[in-house]
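Spelled out from the first residue to the last, the chains are:
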Amino acid sequence: MKKIVNYIFSFPEIPSYAKMNFQLFHIESDRVMLRLLVLQWAIATFVTSIKYSTYYYGFFSGALIVLPLVLLYKHLKGERYFRYFIAVAMMLFSVIFIQQYLGRIEMHFHVFIAMAILTLYKDVMPLVFAAATTIIHHIVFNYLQLYEVSLFDMPVMVFNYGCGFDIVILHAIFVIIELFVLGYIVRLQIEHTININESQNRVNELNRELAHLSMHDMLTDLPNRLNLNEKIQNILIDAEKNAKKFAVIFLDLDHFKNINDTLGHDIGDALLKRVAALLKESVSKDTLIARIGGDEFIMVASDFNDQNELVPTINNLLNNFRKDLLIKGYLLRLSASIGISIYPDDAQNVKDLMKYADIAMYKAKGDGRDNFSFFSQELNTKVHTEVDIVNDMQRAFAENEFQLYYQPKVDALNGKIIGAEALLRWQHKQKGFIPPSLFIPLAENTGFILNLGKFVIQSSTQAIKRFSSLGFKDLSISINVSTRQFQNSNLYQDLKENIEYNRIDPTQLGIEITEGVILKYVENTLSALREIKKLGVSVYVDDFGTGYSSLSYLKKFPIDTLKIDKSFVDDIVDNENGKSLVNTILSMGKSLHLKTVAEGVETKEQYEFLRDNGCDAIQGYYFAKPMCEDEFIALLEKDKMYS
Ligand code: C2E
Ligand code: CA
Ligand code: CA
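Counting restarts for each chain, with residues numbered from 1 along the sequence as it is written. Here the convention is simple: chains get letters from A, ligands get numbers from 1, in the order in which they are written. At least 70 in pLDDT is required for a residue's local features to be given in this predicted model, at least 80 for side-chain atom pairs to be given and counted, and no such filter applies to totals for whole chains, interfaces and linings, which use all residues. Heavy atoms throughout the structure, all of them, feed into the side-chain values; hydrogens and water do not.

A. Here's a closer look at the site of ligand 1. Surveying the vicinity of ligand 1 reveals 21 residues, the closest of which are Q407, R425, D542, E602 and Y621. D543 is positioned such that a nitrogen or oxygen atom in its side chain is 3.2 Å from an oxygen atom of ligand 1. What qualifies as a polar contact is a pair of N or O atoms within 3.5 Å, subject to a donor-acceptor requirement within protein and to the restriction that residues adjacent in sequence count only when both atoms come from side chains. The contact in question runs from an oxygen atom of ligand 1 to an N or O atom on the backbone of Y621, over 2.7 Å. Here, Shrake-Rupley sampling with a 1.4 Å probe gives the accessible areas, and only protein chains in the shown set may cover a residue. Relative to its unbound accessible area of 790 Å², ligand 1 is 80% covered by the protein chains. Runs of E in the DSSP output that reach at least two residues are strands. Runs of H or I that reach at least four are helices, and both are numbered from the N terminus. Of all the secondary-structure elements, those providing two or more residues to the shell around ligand 1 are strand 11 (417-428), helix 14 (436-446), helix 15 (449-469) and strand 15 (538-544). Among the elements that make up the shell around ligand 1, the one with the highest residue count is strand 11 (4 residues). Lys, Arg, Asp and Glu make up the charged group, whereas Ala, Val, Leu, Ile, Met, Phe, Trp, Tyr, Cys and Pro make up the nonpolar group; the residues left over, Gly among them, are polar. Of the residues assigned to the shell around ligand 1, the class counts are 9 nonpolar, 5 polar and 7 charged. Neighbouring residues are identified by heavy atoms, a residue being near a molecule or strand if any of them is within 4 Å of it.

B. Summary view of unusual backbone geometry. A cis geometry characterises the amide bond from Y343 onward to P344, with omega recorded as 0°. The residue P344 is located in the loop between strand 8 (336-343) and helix 12 (350-366) in this model. Of note in this structure, A243 is not a glycine but carries a positive phi near 50°.

C. Structural view of the packing of aromatic side chains. Only rings of Phe, Tyr and Trp enter the pairing, Trp through its six-membered ring, and a pair is recorded when the two centres are within 6.5 Å. The plane angle decides the type: under 30 degrees is stacked, over 60 is edge-to-face, the rest tilted. Throughout the structure, instances matching the rule amount to 20 aromatic pairs. Should the NZ of a Lys or the CZ of an Arg lie within 6 Å of a ring centre and within 35 degrees of the ring normal, that charge is described as sitting over the ring. Above the face of the Y81 ring, R80 is positioned so that its terminal group lies 5.7 Å from the ring centre. Here K625 stacks its cationic end above the ring of Y621, 4.6 Å away from the centre of that ring.

D. View of the pattern of salt bridges. What counts as a salt bridge is simple: a side-chain nitrogen of Lys or Arg found within 4 Å of a carboxyl oxygen of Asp or Glu. Under the definition given, this model contains 32 salt bridges. Among the ionic pairs, K429 bridges to E401, the shortest N-O distance being 3.6 Å. In this pair, K429 sits in the loop between strand 11 and strand 12 (432-434) while E401 sits in the loop between helix 13 (377-398) and strand 10 (402-411), placing the two residues 28 residues apart along the sequence. Burial status follows relative accessibility: with a 1.4 Å probe on protein chains alone, a residue under 20% of its type maximum counts as buried, one over 50% as exposed, and anything between as partly exposed. Take E401: its relative accessible area is 4%, and that puts it in the buried class. A salt bridge links E599 to K563, with the shortest nitrogen-to-oxygen separation between them at 3.7 Å.

E. The nonpolar core, seen in detail. In this structure, F467, I511 and F632 are the most contacted members of the largest nonpolar core, which totals 74 residues. No other element matches helix 15, which puts 8 residues into this core. Residues count as neighbours in contact if any of their non-hydrogen atoms are within 4.5 Å of one another. When residues no more than four places from it in sequence are discounted, the contact partners of F467 are Y406, F472, L475, I477, E629, F632, I633 and L636. Buried Ala, Val, Leu, Ile, Met, Phe, Trp, Tyr and Cys residues that are joined via side-chain atoms within 4.5 Å together make up what is termed a nonpolar core. Counting 40 residues, the second-largest nonpolar core is a separate cluster that includes W41, Y121, L127 and I135.

F. Broad picture of the coordination of the calcium ion (ligand 2). Listed donors are limited to N, O and S atoms within 2.8 Å of the metal, widened to 3.2 Å for Na, K and Ca; water is not among them, so incomplete-looking sites are possible. Listed as protein donors to the calcium ion (ligand 2) are E421 (OE), N480 (OD1), E512 (OE) and D542 (OD); their distances from the metal cover 2.1 to 2.3 Å. Considered as a linear motif, the donors of the calcium ion (ligand 2) on their single chain read E-x58-N-x31-E-x29-D. Between the calcium ion (ligand 2) and the calcium ion (ligand 3), both coordinated by D542, there is a metal-metal distance of 3.9 Å. Linking E512 in strand 14 (residues 509-514) with D542 in strand 15, this pair joins segments that are 30 residues apart in sequence. Taking the relative accessible area as the measure of exposure, D542 reaches 7% and is therefore buried.

G. Region of interest: the packing of helix 6 (residues 125-146) against helix 7 (residues 165-215). Simply put, an axis is a line fit to the C-alpha atoms, just over the touching stretch for a helix, and the angle between two N-to-C directions goes from 0 to 180 degrees. Running from amino to carboxyl end, helix 6 crosses helix 7 at an angle of 175°, the nearest separation of the two axes being 9 Å. By the angle class used here, helix 6 and helix 7 are roughly antiparallel. Residue-level inspection shows L127, V128, A131, T134, I135, H138, I139, N142 and Y143 of helix 6 in contact with helix 7, the latter providing F165, V168, H171, A172, V175, I176, L179, L182, G183 and V186. The labels follow the angle: roughly parallel below 35 degrees, roughly antiparallel above 145, roughly perpendicular from 65 to 115, and oblique for the rest.

H. Geometry of the coordination of the calcium ion (ligand 3). Ligation of the calcium ion (ligand 3) by protein atoms is provided by D542 (OD), D543 (OD), E599 (OE) and E599 (OE), these donors lying 2.2 to 2.5 Å from the ion. Relative accessible area serves as the criterion here: at 11%, E599 is assigned to the buried category.

I. Summary view of helix 22 (residues 576-591). Multiplying 1.5 Å by the helix residue count minus one yields the expected span of that helix. Relative to the 22 Å expected for 16 residues at 1.5 Å per residue, helix 22 spans 22 Å between its end C-alpha atoms, a close match to the ideal helical length. Here helix 22 has its buried residues at G578, K579, V582, I585, L586 and G589. Down the axis of helix 22, the smallest arc covering the buried residues is 125°, so these residues share one side. Structural note: helix 22 exposes E576, N577 and S591 on the side pointing more than 90 degrees away from its buried face. Each element contacted by the buried residues of helix 22 is listed here: strand 15, strand 16 (561-564), helix 21 (566-570), strand 17 (595-598) and helix 23 (604-612). Taken from the helix axis, the directions to the C-beta atoms give the arc we talk about.

J. Quick peek at the sheet that holds strand 3 (residues 246-253). Read from one edge to the other, the open sheet built from 5 strands follows the order 4-5-3-8-9, with strand pairing classed as mixed. Looking at strand neighbours, the two that pair on one side only are strand 4 (288-293) and strand 9 (371-374), the edges of this open sheet. The mean angle between the axes of side-by-side strands here comes to 20°, regardless of whether they run parallel or antiparallel. Two strands qualify as a pair provided that DSSP identifies no fewer than 2 bridges between them. Note: strand 3 against strand 5 (residues 296-302), 7 bridges, orientation antiparallel. Directly across from I249, in strand 5, lies its bridge partner M299. Together, strand 3, strand 4 and strand 5 form the strand contacts of helix 10 (residues 265-282), whose direction differs from that of strand 5 by roughly 10°.

K. Up close: the environment of Q394. The residue Q394 is located in helix 13 in this model. Separated by 202 residues in sequence, Q394 and T596 have C-alpha atoms that sit 36 Å apart.

L. Representation of the environment of D324 within the structure. Within the secondary structure layout, D324 lies in strand 6 (residues 324-327). With a relative accessible area of 36%, D324 lands in the partly exposed category. Distance from D324 to R395, taken between C-alpha atoms, is 46 Å for residues 71 residues apart in sequence. Contact partners of D324, with chain neighbours within four places excluded, come to L331, L332 and R333. At a separation of 2.9 Å, a polar atom in the side chain of D324 contacts the side chain of R333.

Here it is in structure tokens:
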């Protein structure tokens, strides 16, 4: 029995997420119950009037029960005690008024229905109060009837069919059984409601999570681009209203790709997280920080009158980035480039502000990175020219405006032409000559260099075939190969096909790569270079000395020739330091058994110094400028005649 009681009356704890809903149920139920009570009041008025041929008794005594509750509703709705009062009131109507003129069964039925209605509360206590009310009522009224007490001229009686304790006890048993049955129903209702709330709660939680995810970057939990756009729009509206300024600060990590490529994405991710934390530390709390892509962050700062006021903050930011960061056992040196655009000075809409901050950031990168730059209209014009060039390149390519020029390389000892470097030239139909220093970086950025690279391979192998057919069979022609060609094209296959197609001697072809290519993609480059070497093609390290390659790197790579960068050659002019540096490079080449070519040789002094110190070949204006294929052939013919 105890078990059953425990089972039925151990009501589940209402979890916090469902409490609110239960509270709403309670208030709603209070309202329903009050309406029912008013209805009961009308019935009571009517029922008593039958016996006493006046509506007063029923009306006034019913009002005693109903009106306090109606008045209290406003203050107590939803409160636990309020529903107990209501339960008691419901029962009083049943037992006092209804029973008077109904039979035992009908009265009981009424009690049962009233209690069943109370289950609406999804709370067992009102039922307990209701049950207690009818039981106590029966006991008390049994005595009153026994002593024939009357109230309001009405004889008080429990039953119109007489009284007695046997009836009181029987009634109590009935009511308690009903209480159990209805209590069980309430329990089921509570469980059911909790279940519904639980799934609802889970759905809400998921929705919240989803909303958060869609607005935040997964890795750093910073607002993402979507979120930023929304927030920045609000900032703009606010700034517009209050005639205030704000700055869009575009930050991009320097050389992040290297870290990702060489150390792996795990380290890259960990680093980005640290960067997010670093940014939060470096700027004021009300600066908005967002991550909008790989290693790109945007901050929005307000509260300044003049853009110069931002400079200390930006410098501080750059400074904080210059520290060495220990990430998963790697000591990483970091720096960032920053571009800034200002509302309303630079632009009045979000799209342009972002674009301009981006442009300014590229300027900072161009200025050597680890730097910042404010946007300016001049910058914009420059970028527009660049965009024009990029757009124009495709057309120019189709219309054969690109061409290879050849700059002779001569033997340092006897001045004979031993080969040439093939250099791209763009002869624009309207604009004239466009220098490679302008279009090559743009072509690299857009990937167009892949088309140009293929063209260079085709064109240079055809030229080698032509040179050979004219009797110049041991020239070595080198072409420049950019990083992208190692990453995104099958350089080996392109070289092989063109060598075979033109049936040239592969040893007449060489590729020039920068130290950057070697350092960036150590493993990939190494295997690609080994294959290319197998073809018979030679490998030059271009701009040697400007990168950071160590001897150990150079030893590992299948390299034939070092091309000493022009900047070192420039320093040969009566500068002891410069001279000893060139000497060091030359002896380094010797110790690695590599050939050396000096680039950008412009004077006799430079030439003689290089020759006397063991440099193998010379390339530079001192001997010849880059020239078209026909001019180069003419020069070769002349060279042959004098030999
Ligand atoms: P680079 O590979 O270092 O090429 C040498 C540059 O130095 C050439 O500039 C050449 O004209 C110039 N130069 C040679 N001798 C002298 C000299 O005595 N004095 C001076 N002041 N300059 C001299 P250019 O042709 O303007 O090419 C610039 C850069 O564009 C090249 O630097 C190379 O990085 C890139 N480039 C040129 N052609 C190609 C190509 O076909 N493919 C790729 N990927 N890059 C190319
Ligand atoms: Ca070169
Ligand atoms: Ca070079």
